[in-house]
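Examination of the molecular architecture
Letter by letter, the chains look like this.
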Amino acid sequence: MTEKEFRKLVTDLEMPRAFKDNVTNNAELIKEELSKSLVKATLIDVLKIGSLARSTMLNDEVNVDLMVTVKYESNKTFTLFNQLIINNITNTVAYLFDSIKKPSDIEYNQQLNYISFNIDNVIYNIYVRYINNGYEDIKFTDSKDIEKHVLFTELANRDYTYFRNTAVIIKYFRNEQKINISGHILEVLLYYSLNEYFKDNHYENYLNAFIRGIDDFLKQKPIKVSNDILEKLEVECDSAVNFKGYTIIDPTNISLNLVSGISEIKLNEYRKLKKAISKVIDAGAQDLSKEQVVLHIDPKQENGQYIWSYEIENSRYHTDGGSFPKTEENYITACLKALSKGLKTIVDNNLNKRQIKLVCKYSDLLSRSDLLSSENQSRRKTIIAYMEVNNITIAK
C-alpha cells in the first residue's frame, strides 16, 4: 500500500460519530440510574474504557467496554457485596433498555467480573471495579490501571503523531487474519518499536518499526517503555521485575508480563501478523519501484574550495557541507562525500526500494579507477558495501 492508500484506510476504518455519541448517551443513562439505585454503596463513576476510549476501535467492531467503579465500605463479605452490586447493575440495565427481554439476555463473567448484554447489535461489557478504602481481601481493585490504559494511548499519540492511526491499521490486519492478540499488547509493542526505530511520520515507517519490534520480541528482547512515560503514568520505575523469556511489560503495571507463559502456538500469531503487514508494505514498495529517485551530485565552488552537495529531485531532501581545496582529486572527494550522504538519506526515508538514477559529472564514479587516491578508493568501497547491504540499485 502507498502512503495515500494508508491514509484512506484509516479514514475508512474510523468509527462514525453517531456511534460514539450513542454509546456516550447510554453510558450517561446507566450512570444516572445507578447513582439513584445503588443501595448502601457509593458510585464513583461510569467510564468508557477499551479501544473506544482509546480511539482505536474499528468501525466493524461490536464490543463496547464500560467500567463502573464503586467504593467498597461494608461489613458484608466482599463476595456478597459484589453480588449485590452485580445484581443492582443487572436490574438497572434491564430496566433501561427495551431490547433486554429475559434474564438470559444478560450474561455474567465471574472471572473478570463483568456483565454483557446486547443493545441494537452492539455488545456492551460493563466491568465492575472497586475502590479499596483500606479493606483487606478485596478483589477487582485495578480501576486505576484500566484508566491508565487510555492515558497511555493518549501520551503515545502525543509522542508519535500517527500512533493511534497506525494502531488502527495494525488491528485491521490482525482482525483480517483472525489473530488473537489484544489491542493493548499491540499498542505497547508499537510504542516500544517507535522508541527504538522511529524515522519520520510516514505510515510505512511506523509499520516497518513495528515489524522490527516484533523481531525483537521473538528474539526474547524485553519489550518495555521508557521511564519518561512511566513517570507520566505515575508508575514507580523502581518496581520493575526482571522477567525471563518472552516479555511485554505492561506500562500501567510494570510488575505484570502481558505474555507470561506464552505458547509456541501464540508466538506464531505474532509471526503471522508480521508476515501480513510485511506483505502489504512490500506491495506498496513494488508500486513505488516503478518510479526513479533522481540523486544529483554537484559540488559547489566557493573561495577556491569544493563543497560537497546533493539534492534528491522533486523532494525536500538536499544539503551540503565540508570544504576541500580546488583540485580534480578533491572534486571526486566531494562527489563521493555527497553520494554517501545522499544514499543514507535515501535509505532513511525508505526510498531505496526504488531504482536510483545518479546525475553527476562522472557517471562512472563508482567504477572508475583513475583520479582516485587511496582514501577515495576506500570511500568508494564503503559506498558499494552500503549499497549491497541496503539493496540499492543505481540505473546505468
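Throughout what follows, the structure given in this document is the object of discussion. (Residues numbered from 1 in each chain as written. Predicted model: local features only at pLDDT ≥ 70, side-chain atom pairs only at ≥ 80, totals over all residues. Heavy atoms only, no water.)

1. Considering the pairing of strand β8 (residues 305-312)
With 6 of 8 residues buried, β8 is to be regarded as a mostly interior element. Examined bridge by bridge, strand β6 (residues 292-297) and β8 share 3 bridges and lie antiparallel to one another. Along β8, the bridge assignment pairs His-296 with Glu-311. In terms of strand pairing, strand β7 (residues 300-302) meets β8 through 3 bridges, oriented antiparallel. If you follow Glu-302 over to β8, its bridge partner there is Gln-305. Here β7 folds back onto β8 in antiparallel fashion, the turn holding 2 residues, of which Asn-303 has a positive phi close to 50°. Note: β8 against strand β9 (residues 318-325), 6 bridges, orientation antiparallel. Bridge assignment links Glu-311 to a residue of β9, and that residue is His-318. (Buried < 20%, exposed > 50% of the residue type's maximum accessible area, 1.4 Å probe, protein only. Helix = DSSP H or I, 4+ residues; strand = E, 2+ residues; numbered from the N terminus. Pairing = 2+ DSSP bridges.)

2. Notes on helix α7 (residues 183-197)
The end-to-end C-alpha distance of α7 is 21 Å, a good match for the 21 Å that 15 residues give at a rise of 1.5 Å each. Taking burial as the measure, the 15 residues of α7 include 13 buried ones, the bulk of the element. (Expected span 1.5 Å × (residues − 1).)

3. Quick word on the nonpolar core
Soluble globular proteins tend to bury their nonpolar side chains together. Membership of the largest hydrophobic core comes to 52 residues, with the highest contact counts inside it found for Phe-210, Phe-217, Tyr-270 and Ile-277. Put simply, the parts of the chain that give this core at least two residues each are α1 (3-13), α5 (143-159), α6 (163-176), α7, α8 (203-218), α9 (227-232) and α10 (264-288). In terms of residues, this core owes the most to one element, α7, which gives 9 residues. If near-sequence neighbours (up to four positions away) are discounted, Phe-217 is found in contact with Ile-223, Tyr-246, Thr-247, Ile-248, Val-259, Ile-262, Leu-267 and Tyr-270. Counting 35 residues, the second-largest nonpolar core is a separate cluster that includes Ala-41, Leu-66, Phe-97 and Ile-119. (Core = buried A, V, L, I, M, F, W, Y, C linked by side-chain atoms within 4.5 Å. Contact = heavy atoms within 4.5 Å.)

4. Things to note about the environment of Asn-253
In this structure, Asn-253 sits in the loop between α9 and α10. For Asn-253, a relative accessible area of 26% gives the class partly exposed. Measuring from C-alpha to C-alpha, the distance between Asn-253 and Leu-96 comes to 35 Å, with 157 residues separating the pair along the chain. A distance of 2.7 Å separates polar atoms of two side chains, one belonging to Asn-253 and the other to Ser-255. (Polar contact = N/O pair within 3.5 Å; in protein donor to acceptor, adjacent residues only side chain to side chain.)

5. As for the pattern of salt bridges
Scanning the model with the defined rule gives 15 salt bridges in all. Linking Arg-17 and Asp-21 is a salt bridge whose minimum nitrogen-to-oxygen distance equals 3.8 Å. With Arg-17 and Asp-21 both in helix α2 (residues 17-37), this residue pair falls 4 residues apart, about one helical turn. Arg-17 sits in the exposed class, given a relative accessible area of 57%. Among the residues examined, Asp-21 registers a relative accessible area of 35% and is labelled partly exposed. Between Lys-102 and Asp-105 there is a salt bridge, and its shortest N-O distance comes to 3.2 Å. Relative accessible area serves as the criterion here: at 46%, Lys-102 is assigned to the partly exposed category. (Salt bridge = Lys/Arg side-chain N within 4 Å of Asp/Glu carboxyl O.)

6. Digging into the packing of aromatic side chains
Following the criterion strictly, the structure yields 22 aromatic pairs and no others. Between Phe-81 and Tyr-130, the aromatic rings sit 6.0 Å apart at their centres with planes inclined by 55°, giving tilted as the arrangement. On the criterion of sequence distance, the pair formed by Phe-81 in helix α4 (residues 78-96) and Tyr-130 in strand β5 (residues 122-131) is long-range, its members being 49 residues apart. A residue is classified by how much of its surface remains accessible, and Phe-81, at 4% relative accessible area, is buried. Plain terms: the ring middles of Trp-308 and Tyr-310 are 6.5 Å apart, the flat faces sit at 5° to each other, and that makes the pair stacked. Residue Trp-308 shares its accessibility class with Tyr-310, and that shared class is buried. Members of the aromatic cluster, joined through ring pairs, are Phe-6, Phe-152, Tyr-160, Tyr-162, Phe-163, Tyr-191, Phe-198, Tyr-203 and Tyr-206. (Phe/Tyr/Trp six-rings, centres within 6.5 Å; stacked < 30°, edge-to-face > 60°.)

7. Details of the sheet that holds strand β3 (residues 107-109)
Strand order across the open sheet formed by 5 strands is β1-β2-β5-β4-β3, with mixed pairing between neighbours. Every other strand in the sheet has two partners, leaving β1 (42-49) and β3 as the edge strands with one partner each. Strand-to-strand twist in this sheet, taken as the mean axis angle between neighbours without regard to direction, amounts to 25°. As paired strands, strand β4 (residues 114-119) and β5 are joined by 6 bridges and run antiparallel to one another. If you follow Ile-115 over to β5, its bridge partner there is Ile-126. (Axes fitted to C-alpha atoms, helices over the stretch in contact; angles between N-to-C directions.)

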